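So you can see what is in the structure, the chains are spelled out below.
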Amino acid sequence: MKRFKAMVSLFAMAMTGCYAAYYDPYYYDYAYYDPYWYGYDAYYAYSWVDPYGVYYFSAPVTAQVDVNAAATAIADRANTYYTPAGCAGAMASGSTVTYNFNNCSGAFGLNSVSGTVRLELSENNGQLVLVATSTDLTAGGRPYILDLNAVATRSGTQRVVTMTSRSRSPDTADSRNEQITMNWEQGSGCVTMNGQGGSTRGDVTTTATVSNFQRCENQCPTAGKVTVESKDGAFTTEFNGSSTATVTGPNGDTKRYELNCP
C-alpha cells in the first residue's frame with residue numbers, strides 16, 4: 001500500500017509540472033539569449049549612428065543624406081567603438097562599409113567578435129537606412145549570423161533606430177525574426193529597447209516580447225523584462241543591474257544564468 005501511495009504521489013507531481021525537465025530547455029535558453037542578441041544588434045547599430053553628432057545628423061532634418069560620405073564617416077570611426085585598438089578594420093566603397101573584425105569587443109554585451117560584416121547604406125526621405133549581413137562571424141567563440149535592417153531617425157538630441165533583426169546564433173536557434181525599437185539620448189551611452197518577435201528550433205516555436213530593456217556601455221542590463229511564450233506557457237526574465245539572470249517558468253521552476261557583463 002505504501003508503495004502504491006508513493007507511485008500516486010509521483011504521478012501527481014509529474015501531472016502538476018513540478019519537474020523543470022517537463023519544459024523544453026530551449027524555452028529557458030531563449031528567454032536568456034534573446035536579450036543578448038538584442039544587445040548585439042543594438043551595438044552594431046549604435047556604432048553606425050554615432051550618438052555624438054556625426055555630421056550626417058548635424059545637417060537639417062530635411063536634408064538628403066549623402067550615403068557615400070556617411071559610409072566613409074562610419075568606416076573612419078570604427079575603432080572608436082571596438083577594442084582593442086586596431087581590431088576592427090573598416091573600409092568604405094561608395095555607400096558600402098566592409099568590416100573585418102579580429103577578436104573585437106564592444107558595449108552592450110558584444111565580446112570576442114571575429115569575421116566579416118558588410119553594411120550597405122541608402123537614403124529614404126532624409127532617413128538613413130542600413131542593411132547589415134555577415135560572413136564567418138563569431139561572437140564569444142560561437143558562430144553568429146548578423147542579419148539586420150535598420151532605419152535611423154532623430155528629434156533634437158534623441159536618436160531612434162527601428163530594426164528588423166533575423167540575427168541569431170545557429171548553434172541555438174534555427175530562425176529568429178524580431179521587430180526592435182532602440183532609443184537613446186545623444187551622448188548618454190545608454191539605450192532602451194522594446195520589441196516583439198520569435199524563434200524556432202526544430203519543431204519548437206516561441207514568441208518573445210522584450211519590454212524596456214535598458215543597458216549602458218560596460219554595465220549589466222539595469223532594467224527590463226523578457227517574456228517568452230510557448231505551448232507550455234510563459235517564461236520570464238527581469239533585469240536589475242546584477243550579473244545573474246533568473247528565468248522563471250510557468251509553474252515557478254527557475255534556471256539561473258551568469259551574464260557576460262561587469
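Conventions used here
Position numbers for residues count from 1 along each chain, tracking the sequence in the order it is written. With the structure being a predicted model, the display of local features is reserved for residues of pLDDT at least 70 and the display and counting of side-chain atom pairs for 80 or more, all residues being used for whole-chain, interface and lining totals. Each side-chain value is derived from all of the structure's non-hydrogen atoms; neither hydrogens nor water enter the calculation. A pair of strands counts as paired when DSSP detects no fewer than two bridges linking them. The way it works is that DSSP assigns letters per residue, a run of H or I at least four long becomes a helix, a run of E at least two long becomes a strand, and they are numbered from the N terminus. Any two cysteine sulfur atoms lying within 2.5 Å of each other are counted as a disulfide. Only protein chains enter the accessibility calculation, which uses a 1.4 Å probe; a residue whose area is less than 20% of its type maximum is buried, one above 50% is exposed, and one in between is partly exposed. Whenever a carboxyl oxygen of Asp or Glu lies within 4 Å of a side-chain nitrogen of Lys or Arg, that contact is scored as a salt bridge. A 3.5 Å cut-off defines polar contacts: any pair of N or O atoms within that distance qualifies, except that in protein one atom must be a possible hydrogen donor and the other a possible acceptor, and neighbouring residues in sequence count only when both atoms are side-chain atoms. Pairs of residues are marked as contacts when any of their non-hydrogen atoms sit within 4.5 Å.

Thoughts on the pairing of strand E2 (residues 96–104)
Pairing between strand E1 (residues 88–93) and E2: six bridges, direction antiparallel. If you follow Ser-93 over to E2, its bridge partner there is Thr-96. What sits between the antiparallel neighbours E1 and E2 is a turn of two residues, in which Gly-94 has the positive phi angle 65°. Where E2 lies against strand E3 (residues 113–124), seven bridges are found, and the strand directions are antiparallel. From the neighbouring strand, Val-97 faces E3, where its bridge partner is Leu-119.

A short note on the state of the cysteines
Within the structure shown, the criterion is met by two disulfides. Two residues, Cys-87 and Cys-104, share a disulfide whose sulfurs are 2.2 Å apart. Here the S-S torsion is close to 125°, and the disulfide linking Cys-87 with Cys-104 is therefore right-handed. Remark: Cys-104 occurs in strand E2 and Cys-87 occurs in the loop between helix H4 (78–81) and E1; sequence separation between them is 17 residues. Each member of the pair, Cys-87 as well as Cys-104, is classed as buried. Covalently, Cys-190 is tied to Cys-216 through a disulfide, its sulfur atoms 1.9 Å apart. On the sign convention where negative is left-handed, the bridge of Cys-190 and Cys-216, at about 110° about the S-S bond, is right-handed. Of the two residues, Cys-190 sits in strand E9 (residues 190–201) while Cys-216 sits in strand E10 (residues 204–216), which places them 26 residues apart along the sequence. Judged by relative accessible area, Cys-190 falls into the partly exposed class, the value being 28%.

Considering the pattern of salt bridges
Inspection of every chain in the model, using the stated rule, returns eight salt bridges. Between Arg-176 and Asp-41 there is a salt bridge, with its nearest N and O atoms 3.5 Å apart. Remark: Asp-41 occurs in helix H2 (residues 25–48) and Arg-176 occurs in strand E8 (residues 175–185); sequence separation between them is 135 residues. With its nearest N and O atoms 3.6 Å apart, the salt bridge here joins Glu-178 to Arg-176. Here the two residues Glu-178 and Arg-176 agree in accessibility, since each one is buried. Three or more residues joined by partner-sharing salt bridges are found here, namely Asp-34, Asp-41, Arg-176 and Glu-178.

Some points on unusual backbone geometry
Residue Pro-84 follows Thr-83 across a cis peptide bond; omega there is 0°. Along the polypeptide, Pro-84 turns up in the loop between H4 and E1. Notably, Ser-112 is not glycine yet its phi reads approximately 50°, a positive angle. Within the secondary structure, Ser-112 is located in the loop between E2 and E3. A relative accessible area of 27% places Ser-112 in the partly exposed class. One non-glycine residue, Asn-218, adopts positive backbone phi at about 60°. Looking at the element boundaries, Asn-218 is found in the loop between E10 and strand E11 (223–230). By relative accessible area, Asn-218 is classed as exposed at 57%.

Some details on the side chain of Ser-165
Within the secondary structure layout, Ser-165 lies in strand E7 (residues 158–165). At a separation of 3.0 Å, a polar atom in the side chain of Ser-165 contacts the side chain of Arg-176. Among residues more than four places away in sequence, those in contact with Ser-165 are Asp-41, Asp-147, Leu-148, Arg-176, Asn-177, Glu-178 and Ile-180.

All we've got here are geometric facts, nothing functional implied.
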